[in-house]
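What the coordinates show
Listed below are the residues making up each chain.
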Amino acid sequence: MAKFGVSMEVGSDGVAVITISNPPVNALAPASNRLGSFSPPLHRLFLRYRILIWFSPIVSGALCLLRISVPGMRPYVYAGFDSRLGRIGFHYPIFFRNAAPSGGVDLSSGCFLPILDIGLEVLFDVRMPCFVVLEVLFDVRMYSFRGAVVDGLKKTYTEAMRRDDVKAIVLTGASGKFSGGFDINVFEEIHRTGQLSRLPDVSVELVVDIIEEGKKPSVAAIQGLALGGGLELTMGCHARISTPNAQLGLPELTLGVIPGFGGTQRLPRLVGLSKAIEMMLLSKSISAKEGNKLGLIDAIASHEELLREAKLFKELVLSSTSKGLVHVFFAQRATSKVPKISDIGLKPKNVKKVAVIGGGLMGSGIATALIQSNISVLLKEVDSTYLQRGLKMIAANLEGLVKKGAMTQDKMNKTLSLVKGVLDYSEFRDVDMVIEAVIEKVPLKQTIFSDIEKACTPQCILATNTSTIDLNIVGAKTRSQDRIVGAHFFSPAHVMPLLEIVRTEKTSPQVILDLMTVGKVIRKVPVVVGNCTGFAVNRTFFPYSQAAHLLANLGVDIFRVDRVINSFGMPMGPFQLQDLAGYGVAFAVKKEYAVAFRGRTFESELLELMAESGRNGKNNGKGFYIYEKGSKPRPDPSVRSIIEESIRRANILPGGKPVTLTDQEILEMIFFPVVNEACRVLDEGVVVRASDLDIASVLGMGFPRYRGGLVFWADSIGAAYIHASLSRLAEAYGSFFKPSPYLEERAKKGMPLRDPPCAVTWFESSPVVEEAAHTDTGARCLGRRGPPLEGFIRPVWHFSSIFVSYL
Ligand SMILES: C[C@H](O)CC(=O)SCCNC(=O)CCNC(=O)[C@H](O)C(C)(C)COP(=O)(O)OP(=O)(O)OC[C@H]1O[C@@H](n2cnc3c(N)ncnc32)[C@H](O)[C@@H]1OP(=O)(O)O
């Protein structure tokens, strides 16, 4: 196995193989590593002491000045003596934000984890005999010793160029991957610390000066993937050889930045302008085969262009767009880490055959998603008319893909052969999972669950696609509560990427893990949530359309509301969304919400009046908008009379006059109640972590990805502002806007909303949570004592006084 970082092996033929090794994707991390960086930027040098520091993940009870322990991947930093020795005992976690850009200890040449106990001599700068200024940058995701790829490449390449026995260089990556690109953790770190100096000028120094203009030929040997900076590195080489299935792409735009290692210049010269634009703007990767056809070889970009790009790249890294997108990147990956589910050594079972009950829009969409990933499906309906309709819908879904060129006819036929229609449960004996997707009627669902409990094996997963009904009620007539789980897909199920996995307190971890695995197999993003009315997404967003109706009944133009929300970045406004979903859904959930969220719902008769006038949204071509084949939805001016009647019945106009609002006020009146409900969802622990709600809002509701998701966006505004605004609105328009206790508390304490509630003490490996840990509550919830980041002087002082007495 290749050494962590960058290694070189020179063969007798004079070829040096330089290998990047930085699991899991050989990300190009810059040189300075945070854990190893000790320096005194805050104070001038007064005295210099030589201190022996022990890094020890295993020593316990030993006398040490500074101990770093590593449970799994996570280092903790403690200062002081061990209390078990009976001397003054204190264990302060130390959180520091800023690392010196250079200097400090170079720990970059090795792997941290395998090292159990190492001693290092470090020079410390000390101001007074009793005051030590320490700065340790510390990060949960800090693969401290892996932060050496870029620097390692520079050093190794320079050495290869210098050595007489090296005639040519092959650049490659370890473990079957070339490189996933620049280390995205660094973006996150820059967003947190503002330290732009963490971005190296790789494009010129490494790619141009060392590789491209080097006197020895370089060949990139690509396998697996070469993305972003990884691909850019290969484009600096003089030739590229690749395995046929390698993924090549510049997906930087998905993170809100442009390719920063010269890719914008080199790629168009290699594959042509239009293909390069497509690859960059759509972040679309191509296979190596296609890359070879296009001529992804021998390219040069001028020095000046690269410098300009590098500058722009740095500006973009600091943009709020990049911050939001980088947050979403990590938040999405965090969803698969579910404490006490994904971390307890369970093995997912192999789900090969699934029965879907109900061949309506949802059922057929779910079946389509399953067969597309080679999972056999039994589609059950009540009679052959409904069954044929369901099977036709599945075929139509696939035909759509064939028309778009995303599937061949042959593949479509093979895929369709994986679905079989049935009218009873006789073939349910060998299915691994059932997904019920019938209409939202409690007695019907209860009967189905009691039937499938009998028809299936005792190991079969019993899932429901309900979007609202309490799972305990759905499974009330069974004895298999541990196998009952929510598989809430979003419509159209074969397209929308979110899968809300709803667990009750009885659902077994194995069942949750199995469903998460199926979700991944069918290329969804599974987010595990708790059981409550509307679960995470629909519950959080119920105030969205209700706020829109409130505005309508206050006399605000509904089309303006839609325009404001659309320009905020939502795919469509709340009225157009209601048209799209059809009013039946809204009628079905209205009562549920009124009961479950008593005192904070807004009830209006607008939709009933719309339905009475023969409108049902897009379904029948008539809603708030007019829908005609081949043209965009057009606002229907005739709905104004219906709205006027609704206003008359609601009777909430202040002083009998329509209110006048700015666009900003409209935005706040729509989204702040949603944020308020998100606070309740966080407070009740419905989601594992706040960032799960960000992902759920982005993937389930179309909340703009570049705003980082609902909670991230709310935190960018601040709890205090949202609270003040909602309090004012509550005074003017009633309890619909009343701030939740969670929001109130955060606002009072000046804390972000994303702080982890105490329920999530188990999850400590996300940068999101790590940042939260820098606050009082976060630290408390994560089981760390001591003050937040800004208050680090106290433990340092404490440590230093003992340290001096020890000396
Ligand atoms: C200067 C340059 O122009 C700027 C850049 O290069 S910006 C970076 C451009 N690169 C990218 O956007 C690639 C982003 N990564 C991906 O698309 C996917 O992770 C992938 C296709 C590489 C692999 O996908 P997949 O096999 O499904 O694994 P996935 O779960 O996503 O990632 C595996 C792990 O690698 C990490 N990872 C992936 N790419 C990373 C990167 N570029 N930096 C740091 N970590 C990365 C993930 O966070 C995840 O970590 P975890 O196991 O701790 O959660």
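Nothing here was measured: the structure is a model prediction, and the numbers come from that model.

Side note on the overall build of the chain
- Looking only at helices and strands, the chain has 29 helices and 24 strands in total.
- Within the chain, the fraction of its 807 residues that count as buried is 56%.
- Taking contacts inside the chain between residues at least 6 apart in sequence as the whole, the part at least 24 apart equals 72%.
- For the chain, the accessible area works out to roughly 33,500 Å², and carbon and sulfur atoms hold 56% of it.

As for the packing of aromatic side chains
- The tally for this structure, following the rule as stated, stands at 22 aromatic pairs.
- Among the aromatic residues, ring-to-ring pairing joins Phe541, Tyr544, Phe568, Phe671, Phe672, Phe703, Trp713 and Tyr721 into one connected group.

Some words on helix α19 (residues 583-596)
- Between its terminal C-alpha atoms α19 stretches 20 Å, which fits the 20 Å expected from 14 residues at 1.5 Å a residue.
- Of all the bends in α19, the greatest, near 30 degrees, is centred on Val589.
- Restricting attention to buried positions, one finds in α19 the residues Tyr583, Ala586, Val589, Tyr593 and Ala594.
- Tucked inside the fold, the buried residues of α19 contact α16 (537-553), α18 (574-581) and α20 (606-612).

Some remarks on the UniProt feature "domain: 3-hydroxyacyl-CoA dehydrogenase NAD binding" (unreviewed entry) in the chain
- The UniProt feature table records "domain: 3-hydroxyacyl-CoA dehydrogenase NAD binding" (unreviewed entry) at residues 353-531.
- Secondary structure content for residues 353-531 is 40% helix and 22% strand, and the end C-alpha separation is 26 Å.

Quick word on the site of the ligand
- Taken together, 26 residues form the shell around the ligand, and within it Gly229, Glu232, Glu252, Gly260 and Lys337 come nearest.
- Gly180 has a polar backbone atom sitting 2.9 Å from a nitrogen atom of the ligand.
- Contact between the ligand and Lys337: an oxygen atom at 2.5 Å from a side-chain N or O atom of the residue.
- Protein chains shield 76% of the accessible area of the ligand, which is 980 Å² for the free molecule.

Considering the side chain of Gln446
- The topology assignment puts Gln446 in helix α13 (residues 442-455).
- Overall, the relative accessible area of 12% leaves Gln446 in the buried class.
- Not counting residues up to four positions away in its chain, the partners in contact with Gln446 are Ile473, Val474, Ala476 and Lys477.

Regarding the sheet that holds strand β11 (residues 225-227)
- An order of β11-β13-β14 is seen for the 3 strands of this open sheet, with the pairing classed as mixed. Each end of this open sheet is capped by a strand with a single partner; those strands are β11 and β14 (286-287).
- In this structure, β11 lies alongside strand β13 (residues 247-249), joined through 3 bridges in parallel fashion. Pairing of Leu227 across the sheet is with Gly249, part of β13.
- Where helix α4 (residues 229-236) meets the sheet, it contacts β11 and β13, and its direction lies at approximately 95 degrees from that of β11.

With respect to the UniProt feature "domain: 3-hydroxyacyl-CoA dehydrogenase C-terminal" (unreviewed entry) in the chain
- Cross-referencing UniProt, the feature "domain: 3-hydroxyacyl-CoA dehydrogenase C-terminal" (unreviewed entry) maps to residues 534-627 and 669-750 in the present numbering.
- With 61% helix and 2% strand, residues 534-627 has its two end C-alpha atoms placed 29 Å apart.
- Secondary structure across residues 669-750 comprises 72% helix and 0% strand; the distance between its end C-alpha atoms is 22 Å.

Concerning the sheet that holds strand β19 (residues 461-464)
- Read from one edge of the open sheet, 8 strands run β17-β16-β15-β18-β19-β20-β21-β22, paired in mixed fashion. Edge positions in the sheet fall to β17 (419-422) and β22 (525-530), since each has one partner strand and no second. In this sheet, neighbouring strand axes are inclined to one another by 25 degrees on average, regardless of whether the strands run parallel or antiparallel.
- Inspection of the sheet shows strand β15 (residues 353-357) paired to strand β16 (residues 376-380) by 5 bridges, in the parallel sense. Bridging across to β16, Lys353 finds its partner in Ser376.
- Sheet contacts for helix α23 (residues 690-701): β21 (498-503) and β22; angle to β22, the most-contacted strand, approximately 125 degrees.

With respect to the domain arrangement of the chain
- Split into domains, the chain comes out as domain 1 (5-29 + 147-331), domain 2 (353-531) and domain 3 (538-758).
- For domain 2 versus domain 3, the separation of C-alpha centres amounts to 30 Å.
- Counting from both sides, the interface comprises 13 residues of domain 2 and, opposite them, 12 residues of domain 3.
- Roughly 1,000 Å² is buried in total at the junction of domain 2 and domain 3, and carbon and sulfur atoms are behind 68% of that figure.
- Linking domain 2 to domain 3 there are 1 residue pair in polar contact (both at pLDDT 80 or more).
- For the side of domain 2 that touches domain 3, the per-class residue count stands at 8 nonpolar, 4 polar and 1 charged.

Description of the environment of Arg600
- You can see Arg600 is positioned in the loop between α19 and α20.
- Under the relative-accessibility criterion, Arg600 is labelled buried at 17%.
- On a C-alpha basis, the gap between Arg600 and Gly272 in space is 57 Å, while along the polypeptide they are 328 residues apart.
- A distance of 2.8 Å separates the side chain of Arg600 from the side chain of Glu677, its partner in a polar contact.

Here is what the cut-offs are and how they apply
- Residues numbered from 1 in each chain as written.
- Predicted model: local features only at pLDDT ≥ 70, side-chain atom pairs only at ≥ 80, totals over all residues.
- Heavy atoms only, no water.
- Helix = DSSP H or I, 4+ residues; strand = E, 2+ residues; numbered from the N terminus.
- Buried < 20%, exposed > 50% of the residue type's maximum accessible area, 1.4 Å probe, protein only.
- Contact = heavy atoms within 4.5 Å.
- Areas by Shrake-Rupley, 256 points an atom, 1.4 Å probe, with all protein chains shown as cover.
- Phe/Tyr/Trp six-rings, centres within 6.5 Å; stacked < 30°, edge-to-face > 60°.
- Expected span 1.5 Å × (residues − 1).
- Bend = angle between axes of the 7 residues up to and from the residue.
- UniProt positions renumbered as here; feature names shortened; annotations may be inferred.
- Near = heavy atom within 4 Å.
- Polar contact = N/O pair within 3.5 Å; in protein donor to acceptor, adjacent residues only side chain to side chain.
- Pairing = 2+ DSSP bridges.
- Axes fitted to C-alpha atoms, helices over the stretch in contact; angles between N-to-C directions.
- Domains from an automatic or database assignment.
- Buried area = accessible area lost by both parts, 1.4 Å probe.
- Nonpolar A, V, L, I, M, F, W, Y, C, P; charged D, E, K, R; others polar.

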